Amino acid sequence: MRKNGWLLLVAGFVLAALNLRPALAGVSPLLGEIMSDLSLSPAAAGAITTVMLLCLGLLGPLGPILSSRLGLDRTLMAGMLLLIAGVVIRSSGGVVTLYLGAAMAGTAIAFMNVIMPGLVKQHFPDRVGLFTGLYVTSLVSGAALGSAVMVPLAQEMGWRWAAATTAVFALVSAIVWLPQVLKPPTPPPPQAPRPFRALMRRRVTWYVATYMGVQSMTFYIMLAWLPTIFQDAGLSADDAGYLLGLTNLAQIAATLTVPIHAGKAKSQVPHVVWAAVITIVGYVGVLFWPTTVPWLWMIVLGLGQGASIALALLIITLRAPDPRSVTALSAVAQSTGYTLAAIGPVVIGAIYQVSGNWTVPLVVGLGVCGVQLVLGYLAARQPHGT
């Protein structure tokens, strides 16, 4: 491949990854204006995000089916076009179009989520660690950017135009990705077995899937409840928001470095163990000393959680022998992950409501971190390509 073509491929890949979270993460900062404009209750407004998460969890398995017909490159393009349509529809009408557009955007992100590890395997097979790192870093950065810019944009343009800006970014990304779509699709290997049928019989599939699910749960528990935990401990709302932003920055530091090193290692076991241990330390700090050097606990927690998601996606790429199988494994793992992720914050919130404090919920979260450590060890000890 010529240098210009390779650079265009990398740019398109990174831009596509940046689109995986802004349409989702950018909703929460706008909920107040959406509720006021459309006369929604808090539960109905929260359902916008729930609809998208459920699409991520339930519709991901359709990604391999679509990619087997269109190829990975064209499936990514289809996902971006569906994302554009969903974001525009979500921002353009009343309550019905709000939820319809949210479901369309969630479906698009589900397809794109699932095929990204397969694209790494297809286009960058000799640099899996590096490009997994770029992919996850772009994903995390997109989430942080989507959360940060929505309120200022809404103050200038209103929530509808602010929410619709993610469609513009997706359109630019689709244009950059267009040269990959115009190439002939990469054919599957001759007489390749059906990935799902083979995957379901392998024990490692369920180790990887449940590891992806549990580490997603530990992340979304903290994402949903950290600001409330800090405010209940006596910190201001502004400080709680800054601390959440700090942990997002720490995640980026981990996603940039850990997959590169882990991808070159003979075993990812030490990496997943340390990622879980660091996450546990962050949980313990928030549990016992939430107002004592809270910035330190946020850095520690961010490093652990950033490393965990990066390792989960790296292991998906390493544990299957070809792009088609990687995509199928990604579908199983990410569907499990987002379904569990949607459950975690609700369960922790219910425990908090019953117990009346954050001690029991955080202890339960620590238990989930322990399960993450065990499942990560089981998933990471398998040899590459098995």
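I will try to describe carefully the structure that is included in this document.

Rules behind the numbers
- Residues numbered from 1 in each chain as written.
- Predicted model: local features only at pLDDT ≥ 70, side-chain atom pairs only at ≥ 80, totals over all residues.
- Heavy atoms only, no water.
- Helix = DSSP H or I, 4+ residues; strand = E, 2+ residues; numbered from the N terminus.
- Rg over C-alpha atoms; globule rule 2.2 N^0.38 Å.
- Buried < 20%, exposed > 50% of the residue type's maximum accessible area, 1.4 Å probe, protein only.
- Contact = heavy atoms within 4.5 Å.
- Areas by Shrake-Rupley, 256 points an atom, 1.4 Å probe, with all protein chains shown as cover.
- Lys, Arg positive; Asp, Glu negative; His and termini not counted.
- Charge placed at Lys NZ, Arg CZ, Asp CG, Glu CD.
- Axes fitted to C-alpha atoms, helices over the stretch in contact; angles between N-to-C directions.
- Left-handed = near helix turned anticlockwise from the far one by under 90°.
- Nonpolar A, V, L, I, M, F, W, Y, C, P; charged D, E, K, R; others polar.
- Phe/Tyr/Trp six-rings, centres within 6.5 Å; stacked < 30°, edge-to-face > 60°.
- Core = buried A, V, L, I, M, F, W, Y, C linked by side-chain atoms within 4.5 Å.
- Salt bridge = Lys/Arg side-chain N within 4 Å of Asp/Glu carboxyl O.
- 1 Å grid on protein atoms, 1.4 Å probe; cavity = no way out; pocket = protein on both sides within 12 Å on 5 of 7 lines; lining within 4 Å.
- Points joined across faces, edges and corners; volume = space filled by probe spheres on them.

In terms of regular secondary structure, the protein chain is built from 16 helices and zero strands. Relative to the 2.2 N^0.38 estimate, which gives 21 Å for 386 residues, the radius of gyration of the protein chain is 20 Å and therefore close to what a compact globule would have. Taken along the three principal axes of its C-alpha coordinates, the protein chain extends 60 × 50 × 35 Å. Each of the 386 residues in the protein chain was classed as buried or not, and the buried ones make up 52%. Put simply, of all contacts in the protein chain between residues at least 6 apart along the chain, 84% involve residues at least 24 apart. Split by element, the accessible area of the protein chain, about 16100 Å² in all, is 70% carbon and sulfur. A gap of 24 Å separates the mean positions of the 20 positive and 9 negative side-chain charges of the protein chain.

The next point concerns the packing of helix α1 (residues 3–18) against helix α9 (residues 159–181). Contact pair α1 / α9: the axes reach a minimum separation of 8 Å and the direction vectors enclose 145 degrees. With respect to the hand of their crossing, α1 and α9 are arranged in left-handed fashion. The segment α1 lies against α9, with G5, L8, L9, A11, G12, F13, L15, A16 and L18 engaging F169, S173, V176, W177, P179 and Q180. Considered class by class, the residues forming the contact of α1 with α9 number eleven nonpolar, four polar and no charged.

Our focus in this paragraph is the environment of T49. Relative to the assigned elements, T49 resides in helix α4 (residues 42–58). In this structure T49 comes out as buried when scored by relative accessible area, which is 19%. For the pair formed by T49 and M222, sequence separation is 173 residues and the distance between their alpha carbons is 16 Å. Each residue touching T49, except ones within four places of it in the same chain, is listed here: L24, V27 and S28.

Under the definition given, this model contains ten aromatic pairs. Ring geometry for F124 against F131: centres 3.7 Å apart, planes inclined by 5 degrees, an arrangement best described as stacked. Here F131 falls in the buried class, since its relative accessible area comes to 1%. Taken together, W6, F13, F124, F131 and Y135 form an aromatic cluster joined through their ring pairs.

All right, on to the nonpolar core then. If you look at the biggest cluster of nonpolar residues, it comprises 80 residues, and the most contacted ones within it are F13, L76, Y135 and W177. In this view, W177 contacts L9, G12, F13, D73, L76, M77, M80, L119 and H123; residues no more than four positions away in its chain are not counted. L40, I84, A162 and A341 belong to the second largest nonpolar core, which has 32 residues in total.

Following the criterion strictly, the structure yields one salt bridge and no others. A salt bridge links D37 to R160; its shortest N-O distance comes to 3.0 Å. With D37 in helix α3 (residues 31–38) and R160 in helix α9, this pair connects stretches of sequence that are 123 residues apart. Exposure remark for D37: the relative accessible area of 40% places this residue in the partly exposed category. A residue is classified by how much of its surface remains accessible, and R160, at 24% relative accessible area, is partly exposed.

This next bit is on empty space enclosed by the protein. Scanning the model with the defined rule gives two cavities of 30 Å³ or more in all. Estimates place the volume of the largest cavity at around 40 Å³. Contributing to the lining of the largest cavity are G26, V27, L30, I34, I48, R90, L98, W159 and A163. Here the lining of the largest cavity is composed, by residue class, of seven nonpolar, one polar and one charged. The calculated volume of the second largest cavity comes to roughly 30 Å³. Lining the second largest cavity we find F219, M222, L223, L226, L244, T247, N248, Q251 and Q305.

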